[in-house]
There are 2 protein chains.
Amino acid sequence: MSNLDFQPANDRYAADFGDRALLSIPPTRKLIVVTCMDARLNPSEFLGLKDGEAHVIRNAGGLAKDALRSIIISQRLLGTKDIVVIHHSNCGMLTFTDSALRSKIKEAHPGDTAISEAVKGLEFGPFANLDDSVRDDVSYLKNNPLVLKEGSITGWVYDVETGKVRQVA
Amino acid sequence: MSNLDFQPANDRYAADFGDRALLSIPPTRKLIVVTCMDARLNPSEFLGLKDGEAHVIRNAGGLAKDALRSIIISQRLLGTKDIVVIHHSNCGMLTFTDSALRSKIKEAHPGDTAISEAVKGLEFGPFANLDDSVRDDVSYLKNNPLVLKEGSITGWVYDVETGKVRQVA
């Protein structure tokens, strides 16, 4: 199977689509989940979210700052309130620094000035401590004037070796 | 049940965690999926992705530009190659303009100068045509020097009324 041959799986999914066609845009639990892109994470499964219940924002690390545009759209246009930030153990963001990644990219394209220009000043948002990274993100959202004060903002850590979540903020 | 009472569902998930603990960080299909945060989308289900196979980046609209930081980390540090961009029918991003959303936020907080300052110049990335938005994002990634040239970059539309995907770029 080609890496992009989604058709057989998608045909099976669509054949059993059922009531999903009736779902409307606003998430029924008024919930936003911000978490990492990591391939081992299946947030709707490990949180028990049903289709239509929550906006799921995912990026490298599950960084709140990176999710701000999406959070504003979600809350202001689509009626969500509560925000849940979830980082995870064994995250790639714990393994590098901005300067190390910038150097790695430049070294992969020796003499390429477009690359060295593009990479200048790029910030990738790595973190050194997992629990602190969650607390910092919750604090960032609580202090951002563009994020609604009506809902709760909580922070969690998902353990990739057990599948369990624990609340840290 | 409280909106944040994830414990019962998470306990059930963790009790049946099985071999997932053995998965490692690099996605086994070397695949990145960029798609929308929309609550009706379950990309691993509609594409047939298994745990550990792909990085899944999600934001409002599934915008490639917003995903660039994550894509760079994914490709440069975690060995992915192919990128799949998936937008969807009935997307919230088709329903507003930057200036309308900025006004809506300011009107929700009359006289709040922190808000009017914070909202200035914010860009939310709405789009007017669904298929074009996918083609534009694929083109953006293909032309970005920081995105690897080795993998394929394709664009798709997911239909929220049928569950089907179709390739547009």
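What you see is a predicted model, and the numbers here were worked out from it, not measured in a lab.

## What about the overall build of chain A?
Thinking step 1. Helix and strand content of chain A: 6 helices and 5 strands.
Thinking step 2. In sequence order, the secondary structure elements of chain A are arranged as α-β-α-β-α-β-α-α-α-β-β.
Thinking step 3. Seen along its three principal axes, the alpha-carbon backbone of chain A occupies a region of about 55 × 45 × 35 Å.
Thinking step 4. With 169 residues in all, chain A has 55% of them scored as buried.
Thinking step 5. A fraction of 66% describes how many contacts in chain A between residues 6 or more apart in sequence connect residues 24 or more apart.
Thinking step 6. About 7200 Å² of surface is accessible on chain A, with carbon and sulfur atoms providing 49% of the total.
Thinking step 7. Of the side-chain charges in chain A, 20 are positive and 22 negative, and the distance between the mean point of each set is 5 Å.

## Remarks on the interface of chain A and chain B
Interface extent is often summarised as the accessible area lost during association of the parts.
Thinking step 1. Contact residues are listed per partner, giving 78 residues for chain A and 78 residues for chain B.
Thinking step 2. The tally of links between chain A and chain B comes to 2 salt bridges.
Thinking step 3. In this structure, Arg69 of chain A engages Asp66 of chain B in a salt bridge whose closest nitrogen and oxygen atoms are separated by 3.2 Å.
Thinking step 4. Taken together, the links from chain A to chain B amount to 28 residue pairs in polar contact (both at pLDDT 80 or more).
Thinking step 5. When contributions to the side of chain A that touches chain B are tallied by element, the ones reaching two or more residues are helix H1 (7-15), helix H2 (43-47), strand E2 (54-59), helix H3 (68-78), strand E3 (82-88), helix H4 (98-108), helix H5 (113-119) and strand E4 (153-158) of chain A.
Thinking step 6. If one sorts the elements of the side of chain A that touches chain B by residue count, H3 of chain A sits on top with 7 residues.
Thinking step 7. Residues that form the side of chain A that touches chain B fall into these classes: 43 nonpolar, 19 polar and 16 charged.

## Concerning the pattern of salt bridges
Residues and elements named next belong to chain A.
Thinking step 1. Tallying each qualifying case throughout the model produces 16 salt bridges over all chains.
Thinking step 2. For Arg135, the salt bridge is made with Asp132, and the minimal N-O distance between the two is 2.8 Å. Separated by 3 residues within a single helix, Arg135 and Asp132 lie in helix H6 (residues 130-142), roughly one turn from each other.
Thinking step 3. Residue Arg135 is classed as partly exposed on the basis of its relative accessible area of 37%.
Thinking step 4. Residue classification places Asp132 among the partly exposed residues on the basis of a relative accessible area of 36%.

## Some words on the relation of the copies chain A and chain B
Thinking step 1. Expressed as a screw operation, the relation of chain A to chain B combines 0.0 Å of axial shift with a rotation of 180 degrees, fitting to an RMSD of 0.0 Å. Taken together, the rotation and translation relating the two chain copies correspond to the operation of a two-fold axis. For chain A, the minimum C-alpha distance to the rotation axis belongs to Arg58 of chain A and amounts to 2.3 Å.
Thinking step 2. A shared interface surface links the copies, since 100% of the contact residues of chain A are contact residues in chain B too.

The rules behind these values
Residues numbered from 1 in each chain as written. Chains lettered and ligands numbered in written order. Predicted model: local features only at pLDDT ≥ 70, side-chain atom pairs only at ≥ 80, totals over all residues. Heavy atoms only, no water. Helix = DSSP H or I, 4+ residues; strand = E, 2+ residues; numbered from the N terminus. Buried < 20%, exposed > 50% of the residue type's maximum accessible area, 1.4 Å probe, protein only. Contact = heavy atoms within 4.5 Å. Areas by Shrake-Rupley, 256 points an atom, 1.4 Å probe, with all protein chains shown as cover. Lys, Arg positive; Asp, Glu negative; His and termini not counted. Charge placed at Lys NZ, Arg CZ, Asp CG, Glu CD. Salt bridge = Lys/Arg side-chain N within 4 Å of Asp/Glu carboxyl O. Polar contact = N/O pair within 3.5 Å; in protein donor to acceptor, adjacent residues only side chain to side chain. Nonpolar A, V, L, I, M, F, W, Y, C, P; charged D, E, K, R; others polar. Least-squares fit on C-alpha atoms with pLDDT ≥ 70 in both.

All quantities given are derived from atomic positions and should not be read as evidence of function.
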